[in-house]
Amino acid sequence: MNSLNNIKHLILDMDGVLYCGNEPVPRLREFFAFLRERETPFMLVTNNATRTADERSKQLAGMGAEVFPSEILVSGQATARYLRRDYPAGTRVHVFGMAALKQALEEAGFVLADTDVEVVVVSVDRDLTYEKIKRAARLLRGGARFIATNLDPNIPSEEGLLPGSGAMVAMLAAASETRPTGVGKPEPIMYELAMTQMGASPETTAAVGDRVATDIVGGKRAGITTICVLTGASSRAEAEAGGADFIFDDIGHLLDAWREAISRSRQS
Ligand SMILES: [Mg+2]
């Protein structure tokens, strides 16, 4: 895609793109108003499995952006859908993570358990204890499959970069001497699920993200146009080295460039 004017469907990352922690990025409300006005379908796709789609929708509403829960795909839901390809409803799964992730797996039909499990699903746990680490590591040593919602080492916040799912995964991998499979970006599965839901084709879809190693690499694997914004994890030099198709300071600057591309195409 050589012009933003060709975007028909948009996929947006959340942390570091729409907000950092509880702090919305500048012109967030205006950006979503533009998408609604232009009737451009979009989906928000996040590796961060610490909150449900409902909770993310409410969080955004508090920042002035109206996004429906059905327009949000969280890696916890994606992990549940991914696992259901291989395991029937009723399969026992241990969750090392927060309530939102547990809910996603239960809604997909899995039984949450601490013993005799086939799979251990790992994500961020803000209440982690030695006992929890010990339990998960022992289940992994016992042969349970090691699945991570994502491998991001950290999460951008107003305090800076905080420990993410990848940090928890690294600890459990070291303790159990086993290796995980990550479901979230840069695996293309979440982008593919989002495109299927929107009825989008890769040639006219663009993904906006802040982290080159996940958002941009994942977008390339899914065959879609990639847009890197600099409000989160990656710098301009990293975005250039990673081969992002477009780079902007933030979504406000993306919005300006998009409007300009539209008006240019009208004139020609
Ligand atoms: Mg991000």
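Residues numbered from 1 in each chain as written. Predicted model: local features only at pLDDT ≥ 70, side-chain atom pairs only at ≥ 80, totals over all residues.

1. Some thoughts on the overall build of the chain
Helix and strand counts for the chain come out as 10 helices and 15 strands. Across its three principal directions, the C-alpha atoms of the chain cover 65 × 35 × 35 Å. Of all 268 residues assigned to the chain, the portion counted as buried reaches 47%. (Helix = DSSP H or I, 4+ residues; strand = E, 2+ residues; numbered from the N terminus. Buried ≥ 20, exposed ≤ 12 C-beta atoms within 10 Å, placed from the backbone.)

2. Some words on the pairing of strand β8 (residues 119-122)
Residues Val-119 and Val-121 point to one face of β8 and Val-120 and Val-122 to the other, with burial holding for every one of them. Of the pairings in the sheet, the one linking strand β6 (residues 92-96) to β8 comprises 4 bridges and is parallel in character. Among the inter-strand pairings, Phe-96 is bridged to a residue of β8, identified as Val-122. In this structure, β8 lies alongside strand β9 (residues 145-148), joined through 4 bridges in parallel fashion. When the sheet's bridge partners are listed, Val-121 is paired in β9 with Ile-147. Viewed along the sheet, the connection from β8 through helix α5 (residues 130-141) into β9 turns out right-handed. (Pairing = 2+ DSSP bridges. Right-handed = clockwise from strand over helix to strand, strands pointing away.)

3. Some words on the domain arrangement of the chain
For the chain, the assigned domains read domain 1 (4-47 + 200-267) and domain 2 (76-182). Taken over C-alpha atoms, the centre of domain 1 sits 29 Å from the centre of domain 2. Contacts between domain 1 and domain 2 engage 11 residues on the former and 8 residues on the latter. Residue classes in the side of domain 1 that touches domain 2 are distributed as 2 nonpolar, 6 polar and 3 charged. (Domains from an automatic or database assignment. Contact = placed C-beta atoms within 7 Å. Nonpolar A, V, L, I, M, F, W, Y, C, P; charged D, E, K, R; others polar.)

4. Let's talk about the environment of Glu-23
One can find Glu-23 in strand β3 (residues 23-24). Given 10 C-beta atoms within a 10 Å radius, Glu-23 is considered exposed.

5. So, the sheet that holds strand β5 (residues 72-74)
Strands sit in the order β5-β4-β1-β13-β14-β15 across an open sheet of 6 strands; the sheet is parallel. In the strand order of this sheet, the two ends are held by β5 and β15 (246-248), each with one partner. The average undirected angle you get between the axes of adjacent strands in this sheet is 20°. In the sheet, strand β1 (residues 9-12) pairs with strand β13 (residues 205-209) via 4 bridges, with the strands oriented parallel. Following the sheet pairing, Ile-11 is matched in β13 by Ala-207. (Axes fitted to C-alpha atoms, helices over the stretch in contact; angles between N-to-C directions.)

6. Quick word on the sheet that holds strand β7 (residues 111-112)
Read across the open sheet, the 5 strands follow the order β7-β6-β8-β9-β12; overall the sheet is parallel. Strand pairing shows two members of the sheet lacking a second neighbour, β7 and β12 (181-182), which therefore form its edges. In this structure, β9 lies alongside β12, joined through 2 bridges in parallel fashion. Looking at the pairing, Ile-147 lines up with Thr-181 of β12.

7. Observations concerning the packing of helix α3 (residues 75-84) against helix α7 (residues 189-198)
Direction vectors running N to C along α3 and α7 enclose 90°, while the axes themselves pass 10 Å from each other. Viewed along their axes, α3 and α7 adopt a mutual orientation that is roughly perpendicular. Every residue of α7 that contacts α3 at Ser-75, Ala-78, Arg-81 and Tyr-82 is listed here: Ile-189, Met-190 and Leu-193. Here the residues of the contact of α3 with α7 sort into 5 nonpolar, 1 polar and 1 charged. (Parallel < 35°, antiparallel > 145°, perpendicular 65-115°, else oblique.)

8. Describing α5
Counted at 1.5 Å a residue, the expected span for α5 with its 12 residues is 16 Å, and the 16 Å between its end C-alpha atoms agrees. Among all positions of α5, only Ala-136, Ala-137, Leu-139 and Leu-140 are buried. Summarising the axial view, the buried residues of α5 lie within an arc of 160°, below the 170-degree limit, and thus occupy one face. Along α5, exposed side chains directed more than 90 degrees from the buried face belong to Tyr-130, Glu-131, Lys-134 and Arg-141. Where α5 is buried, its residues touch β6, β8, β9 and α6 (165-176). Looking one or two residues past α5, Gly-143 carries a phi angle of roughly 110°, positive in sign. (Expected span 1.5 Å × (residues − 1). Arc of directions from axis to C-beta.)

9. Focus: unusual backbone geometry
A cis amide bond links Lys-185 with the next residue in sequence, Pro-186, at an omega value of 20°. Among the secondary structure elements, Pro-186 is positioned in the loop between β12 and α7. The backbone of Arg-27 sits at a positive phi, close to 65°, despite the residue not being glycine. Relative to the elements of secondary structure, Arg-27 occurs in the loop between β3 and α1 (28-37). The backbone phi angle of Glu-177 is positive, close to 55°, even though this residue is not glycine. Among the structural elements, Glu-177 can be located in the loop between α6 and β12. Residue classification places Glu-177 among the exposed residues on the basis of 9 C-beta atoms within 10 Å.

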